Amino acid sequence: MPTHSVSLRRLTVAAACVSVAVVAAREPAPPTGEGALAFAFSEVAAEAGLVHDTVFGGVDRNRFLLETTGPGIALIDVDADGWLDIFVVNGTLLDPPTGAHTPTAHLYRNRRDGRFEDVTDAMGLRQTGWGQAACVGDYDRDGRDDLYVTYWGQNRLFRNTGGRFEDVTEAAGLVTARRWGAGCAFLDIDRDGHLDLFAANYIDFDPGRTPTPDSGLCRYKGIPVACGPPGLTGGKYVLYRNTGRGTFDDISVKSGVTRTSSTYGMGVSTLDFNDDGWVDVYVASDSSPSALFVNNRDGTFSDAAVLAGCAYSKDGKPQAGMGVVVADLDRSGTMDLFKTNFAGDTSTLYLNDGKGFCDDRTFPAGIGINTRYLGWGVGAADFDRDGWADLFLVNGHVYPEVTQLPGEAAYAQRKVVYRNVAGRFEDVTDRLGPPMTVARPGRGAAFGDLDNDGDVDVVVNNMHTRPDLYRLETRASAGTWLLLHLRGVASNPDAIGARVTVRAGGDRWVDEVRGGGSYYAQNDFRLHLGLGGHARVDRIDVRWPNGMEEQWHDLPVNQLHTLREGSGAAPRR
């Protein structure tokens, strides 16, 4: 099996079966006091060049819920140079002042030196409106990742032509009546190698027919606030099948995704819930049962969330779900679900028992201690590389008017970071200190190795201010790591839907390449695994999205490995 080594600082995607890269980890300053962790975060957005404010409705008061949900964010390697770039969704104002600068989304190209360059105009991505989510996928199989952005109004598909992005929404057959688009994800529902597209819709919103706070109809703890979502008509889920000819067919009704009691959909993530090799979809829904669309392998889906036990809270009530992350949090080999919710409630942890059911372990696992914060973006990553995926939660209140409520959590809120200690979670936010304890009005969050140093960084889109970039720094006590970049050949090029099993010594880790995730976001397609103290990987098993299975053996750690479909060994039975 040929192996090629290149520095991650000069990474290119090689056509070999495995490309390897090695980097030296940075050592942060020694901690002071007790309870030192093996990792820390620094906030570096300003010096990195992420300087443009997000504009999203009124700052102190909102007339409509449209002004409150906030925008998402996506990690996308726009030029296929092996370095993640950042796409920041933006919003607008209901009544922009005369002569005011028109807000736009921003694309920041990674300069590979810790800084980013705003290339929005050069790449043809200047756009305005009520932007919501962004998701990424190579829908036309040309080797370049494309971008889908949801809006209140018209969702837009941008094709990556190599030097610019081209709005191909109309040409692709994706023009619709006005909708409030929400979370989205590319996925291959029929394993034909062409990425299909799933999108949630939040509310059937018409400002001319929606009551405002002045009506007195909508209050939060006694103060007038924007109305909804209860009392407003919920949106429906949509599914588009890729024809393979650059166009999409709307199969929402035919596929069954409209036959569900779930509505007010927000965060979306793909997963293979039942491990049958066919991609499924989970949606965190606001004030409604969440949805788990299980792939029936015939072009249709069934919402199994209620039967599986991942639609409601432990006491059988709908929650105000926002973001979702999928990961094997208990290392049982199955894909678990973690969902962020509204203030006054906990986040929710559903462990997948591998038999088609979820076990709500929110309180036994230590998650139930926090009810004060309102959660949005969320990610699972092994920050200390001890072999157990930790959790990072982004918070911020939905109503700016909460400043009128003494004792209420503020509009801007701190992060919550849970360290996974063999399946039980410990809130280590205070031990991390700033910038995790600094209050910010967070919304969408994306997770990935932005500086190619072998750990997972976090970028957050905030309301009414610039984004945050939290660079992860690990200490010498952190474990070893592995970064896997899967490239499909017969399968979709991004390998969305692939399942990977890594074995070292007697330990095993399972993960997937997923579309969507977090809140209105797209994470790094590359899989990052902490390996504890293991010095080598014995075996990597990959089940590609089309069902093909391959193995790679005896691989070094602390390196990036690019695995190309068709270049591994046949499984040993």
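Residues numbered from 1 in each chain as written. Predicted model: local features only at pLDDT ≥ 70, side-chain atom pairs only at ≥ 80, totals over all residues. Heavy atoms only, no water.

- In the annotation of an unreviewed UniProt entry, the protein chain is listed under the name ASPIC and UnbV and assigned to Luteitalea pratensis.

1. A short note on the side chain of T474
And then number 1: With respect to the helices and strands, the residue T474 is situated in strand β32 (residues 468-474).
And then number 2: On the basis of relative accessibility, which here comes to 2%, the residue T474 falls in the buried class.
And then number 3: Within the structure, the side chain of T474 is placed 3.4 Å from the side chain of R385, a separation counted as a polar contact. (Helix = DSSP H or I, 4+ residues; strand = E, 2+ residues; numbered from the N terminus. Buried < 20%, exposed > 50% of the residue type's maximum accessible area, 1.4 Å probe, protein only. Polar contact = N/O pair within 3.5 Å; in protein donor to acceptor, adjacent residues only side chain to side chain.)

2. Points about the nonpolar core
And then number 1: Within the largest apolar cluster, 104 residues are counted, with the highest numbers of intra-cluster contacts made by F87, Y148, F198, L484, L486, V502 and I540.
And then number 2: If one sorts the elements of this core by residue count, strand β12 (residues 179-187) sits on top with six residues.
And then number 3: Domain assignment of the residues forming this core places at least three in each of domain 1 (53-481) and domain 2 (482-564).
And then number 4: In this view, L486 contacts P493, D494, A495, A498, V500, V513, V542, W544 and L563; residues no more than four positions away in its chain are not counted.
And then number 5: Counting 18 residues, the second largest nonpolar core, distinct from the first, contains F39, A445, Y470 and L472. (Core = buried A, V, L, I, M, F, W, Y, C linked by side-chain atoms within 4.5 Å. Domains from an automatic or database assignment. Contact = heavy atoms within 4.5 Å.)

3. Examining the domain arrangement of the protein chain
And then number 1: For the protein chain, the assigned domains are domain 1 (53-481) and domain 2 (482-564).
And then number 2: Counting residues at the interface gives 67 residues for domain 1, matched by 45 residues for domain 2.
And then number 3: Buried area between domain 1 and domain 2, summed over both chains or domains, comes out near 4100 Å², and the portion from carbon and sulfur atoms is 48%.
And then number 4: Sorting the residues of domain 1 by area buried against domain 2 places R331, T480 and W481 first, and these three jointly supply 19% of that buried surface.
And then number 5: Summed over the shared surface of domain 1 and domain 2, the number is four salt bridges.
And then number 6: Between D507 and R331 there is a salt bridge; the shortest N-O distance is 3.3 Å.
And then number 7: The tally of links between domain 1 and domain 2 comes to 33 residue pairs in polar contact (both at pLDDT 80 or more).
And then number 8: The set of elements that each furnish at least two residues to the side of domain 1 that touches domain 2 consists of β4 (73-76), β8 (130-137), β12, β18 (265-271), β22 (324-327), β26 (375-381) and β30 (442-448). (Buried area = accessible area lost by both parts, 1.4 Å probe. Salt bridge = Lys/Arg side-chain N within 4 Å of Asp/Glu carboxyl O.)

4. Observations regarding the sheet that holds strand β19 (residues 280-285)
And then number 1: Pairing in this open sheet of four strands is antiparallel, and the strands run β18-β19-β20-β21 from one edge to the other. Looking along the sheet, the strands with just one partner apiece sit at the ends: β18 and β21 (301-303). Between one strand axis and the next, the sheet turns by 20 degrees as a mean value, whatever way the strands run.
And then number 2: The pairing of β18 with β19 spans five bridges and is antiparallel. Bridge pairing in β19 links L271 to D280. (Pairing = 2+ DSSP bridges. Axes fitted to C-alpha atoms, helices over the stretch in contact; angles between N-to-C directions.)

5. Quick look at the pairing of β12
And then number 1: Burial analysis of β12 places eight of its nine residues in the buried class, which makes it a mostly covered element.
And then number 2: Where strand β9 (residues 146-153) and β12 come together, two bridges link them in antiparallel fashion. Considered in β12, the bridge of G153 is made with R179.
And then number 3: Pairing of β12 with strand β13 (residues 196-201), which is carried by five bridges, proceeds in the antiparallel orientation.

6. Focus: the pairing of strand β31 (residues 457-462)
And then number 1: Counting buried positions over the six residues of β31 gives six, a clear majority of the element.
And then number 2: Residues D457, V459 and N461 point to one face of β31 and V458, V460 and N462 to the other, with burial holding for every one of them.
And then number 3: In this structure, β30 lies alongside β31, joined through five bridges in antiparallel fashion. Each bridged residue has a counterpart across the sheet, and for A446 the counterpart in β31 is V459.
And then number 4: Between β31 and β32, which pair antiparallel and follow one another directly, the connecting turn spans five residues, one of which, H464, has a positive phi of 65 degrees.

7. Some details on the state of the cysteines
And then number 1: Tallying each qualifying case throughout the model produces two disulfides.
And then number 2: One disulfide bridge connects C135 with C184, the sulfur atoms lying 2.4 Å from each other. Disulfide C135-C184: the torsion about the S-S bond is -120 degrees, which places it as left-handed. Separated by 49 residues along the polypeptide, C135 in strand β8 and C184 in strand β12 bring together distant segments of the chain.
And then number 3: Owing to a relative accessible area of 0%, C135 belongs among the buried residues under this scheme.
And then number 4: Residue C218 pairs covalently with C227 via a disulfide, S to S 1.9 Å. Taking the sign of the S-S torsion, 105 degrees for the link of C218 and C227, the bridge is right-handed. Taken as a pair, C218 and C227 share a single burial class, namely buried.
And then number 5: Here C310 is not disulfide-linked; the sulfur of C358 is the nearest cysteine sulfur, at 3.9 Å. (Disulfide = S-S within 2.5 Å.)

8. A look at the sheet that holds strand β39 (residues 549-556)
And then number 1: Taken together, the four strands give an open sheet; going across it, the order is β35-β34-β38-β39, and neighbouring strands pair in antiparallel fashion. Of all strands in the sheet, those with a lone pairing partner are β35 (507-512) and β39, marking the two edges. For this sheet the average axis-to-axis angle between neighbouring strands, irrespective of direction, equals 20 degrees.
And then number 2: Bridging between strand β38 (residues 536-543) and β39 involves seven bridges; their strand directions are antiparallel. Across the sheet, residue D541 finds its bridge partner in β39, namely Q551.

9. Digging into the pattern of salt bridges
And then number 1: Taken as a whole and judged by the stated rule, the model has 36 salt bridges.
And then number 2: A salt bridge links R112 to D81; its shortest N-O distance comes to 3.3 Å. A residue pair is termed long-range when its members are at least 10 positions apart, and R112 in the loop between β6 (106-110) and β7 (116-118) and D81 in the loop between β4 and β5 (85-88) qualify at 31 residues.
And then number 3: With a closest N to O distance of 3.8 Å, R159 and D142 form a salt bridge. Taken together, the residues span a long stretch of sequence, with R159 in strand β10 (residues 156-160) and D142 in the loop between β8 and β9 at a distance of 17 residues.
And then number 4: Of the residues examined, D142 reaches a relative accessible area of 25% and is grouped as partly exposed.
And then number 5: Beyond isolated ion pairs, a larger network of salt bridges with shared partners links D272, D275, R499, D511, E512, R514 and R543.

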